[in-house]
Amino acid sequence: MRILICEDSVLLREGLVRLLEDSGHEVVAALPDATALDEAVGQSDPELCILDVRLPPTHTDEGIRAALRLRAARPELPVLVLSQYVEERYAADLIAGNGGALGYLLKDRVADVAEFVDTVERIGAGATVFDPEVVAQLLSRRSLDERMRRLTDRESTVLALVAEGKSNQAIAKALFVTEGSVEKHITSVFQKLDLEPDDGNRRVLAVLAHLEHGGTPTTGDQR
């Protein structure tokens, strides 16, 4: 996979280059800031962009603004955002914006090389993956969409695991249930969120609804 990196920390940037190239991917550009990002994307035609949330010169929201700009201009281009801390507002901005495959991970996750590379490859293949810590904070929101209130505790738990990018098999293993049971819960989630069979990728739509509206688990039936 052809990957573009935009990260101001030279150590992390070079570490990502080495890690990804050792895993068989091609790093087509490694930028210290977003100044030449649009030009680099146009010239190198990456299949995935990895950006830091905070970039020079102000180290505030340059990376997020660049990610939003990329997702609006090239909705087919997968984007993975890396952050030092959980930035709930930035995660919400990304969810609300246009675009396709999306990832939001804390930089600590890079230390687990195998998991990080697996996440990069899943996002490159079209998955939506959010760091568990980001999901946890978004789940703690007080304002709930009425659709999210329809979910049982178990359905909310399953959806939270889907939001972390886990497969049905992984969810079944985590909850000590069968894959068939997980599939039934997910089907129920689709129905309660009013996602029709022709709504495209209902799994991604459900995750985005869950994160955008802060689907806090209810006190209902967990079966």
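Residues numbered from 1 in each chain as written. Predicted model: local features only at pLDDT ≥ 70, side-chain atom pairs only at ≥ 80, totals over all residues. Heavy atoms only, no water.

1. Remarks on the environment of Leu105
Part 1 of the argument: With respect to the helices and strands, the residue Leu105 is situated in strand β5 (residues 102-106).
Part 2 of the argument: Accessibility expressed as a relative area gives 5% for Leu105, which makes it buried.
Part 3 of the argument: Separated by 21 residues in sequence, Leu105 and Gln84 place their C-alpha atoms 8.7 Å apart.
Part 4 of the argument: Each residue touching Leu105, except ones within four places of it in the same chain, is listed here: Leu80, Val81, Leu82, Ser83, Phe116, Thr119, Val129 and Asp131. (Helix = DSSP H or I, 4+ residues; strand = E, 2+ residues; numbered from the N terminus. Buried < 20%, exposed > 50% of the residue type's maximum accessible area, 1.4 Å probe, protein only. Contact = heavy atoms within 4.5 Å.)

2. Description of helix α8 (residues 153-163)
Part 1 of the argument: Of all eleven residues in α8, ten are buried; the element is thus mostly enclosed.
Part 2 of the argument: Those residues of α8 that sit buried are Asp153, Arg154, Glu155, Ser156, Val158, Leu159, Ala160, Leu161, Val162 and Ala163.
Part 3 of the argument: One or two steps after α8, the chain reaches Gly165, where phi turns positive at roughly 90 degrees.

3. Remarks on the sheet that holds β5
Part 1 of the argument: Strand order in the open sheet formed by six strands is β2-β1-β3-β4-β5-β6, with parallel pairing between adjacent strands. A single partner strand is all that each edge strand has here, and the edge strands are β2 (26-31) and β6 (128-130). Within this sheet the neighbouring strands show an average axis-to-axis angle of 15 degrees, counted without direction.
Part 2 of the argument: One ladder, built from three bridges, connects β5 with β6; its direction is parallel. Of the residues in β6, the one forming a bridge with Tyr104 is Phe130.
Part 3 of the argument: Strands in contact with helix α2 (residues 37-44) are β1 (2-6), β2 and β3 (48-52); relative to β1, the strand with the most contacts, it is inclined by about 170 degrees. (Pairing = 2+ DSSP bridges. Axes fitted to C-alpha atoms, helices over the stretch in contact; angles between N-to-C directions.)

4. A closer look at the pattern of salt bridges
Part 1 of the argument: Scanning all chains against the criterion turns up ten salt bridges.
Part 2 of the argument: One salt bridge in this structure joins Lys107 and Glu7, with 3.3 Å as the shortest N-O distance. Placement of Lys107 in the loop between β5 and α5 (113-124) and of Glu7 in the loop between β1 and α1 (10-22) is noted, with a sequence separation of 100 residues between them.
Part 3 of the argument: A salt bridge links Arg122 to Asp118, with the nearest nitrogen and oxygen atoms 3.1 Å apart. Of the two residues, Arg122 and Asp118 both sit in helix α5, four residues apart, roughly one turn of that helix.
Part 4 of the argument: Given the relative accessible area of 38%, Asp118 is considered partly exposed. (Salt bridge = Lys/Arg side-chain N within 4 Å of Asp/Glu carboxyl O.)

5. Some words on the environment of Ile50
Part 1 of the argument: As for its position among the elements, Ile50 is in strand β3.
Part 2 of the argument: A residue is classified by how much of its surface remains accessible, and Ile50, at 1% relative accessible area, is buried.
Part 3 of the argument: Along the primary structure Ile50 and Leu80 are separated by 30 residues, whereas in three dimensions their C-alpha atoms are 4.7 Å apart.

6. Let's talk about the UniProt feature "modified residue: 4-aspartylphosphate" (unreviewed entry) in the protein chain
Part 1 of the argument: In the numbering used here, UniProt assigns the feature "modified residue: 4-aspartylphosphate" (unreviewed entry) to Asp52.
Part 2 of the argument: Accessibility expressed as a relative area gives 4% for Asp52, which makes it buried.
Part 3 of the argument: Leaving out residues up to four positions away in the same chain, Asp52 has contacts with Cys6, Glu7, Asp8, Gly63, Leu82 and Lys107. (UniProt positions renumbered as here; feature names shortened; annotations may be inferred.)

7. Here we look at the pairing of β3
Part 1 of the argument: In terms of residue burial, β3 counts as a mostly covered element, since five of its five residues are buried.
Part 2 of the argument: Of the two faces of β3, the one carrying Leu48, Ile50 and Asp52 and the one carrying Cys49 and Leu51 are both buried.
Part 3 of the argument: By the bridge criterion, four bridges tie β1 to β3 in an arrangement that is parallel. Of the residues in β3, the one forming a bridge with Ile3 is Leu48.
Part 4 of the argument: By the bridge criterion, four bridges tie β3 to strand β4 (residues 79-83) in an arrangement that is parallel. Bridge pairing in β4 places Cys49 opposite Val79.
Part 5 of the argument: Viewed along the sheet, the connection from β3 through helix α3 (residues 62-73) into β4 turns out right-handed. (Right-handed = clockwise from strand over helix to strand, strands pointing away.)

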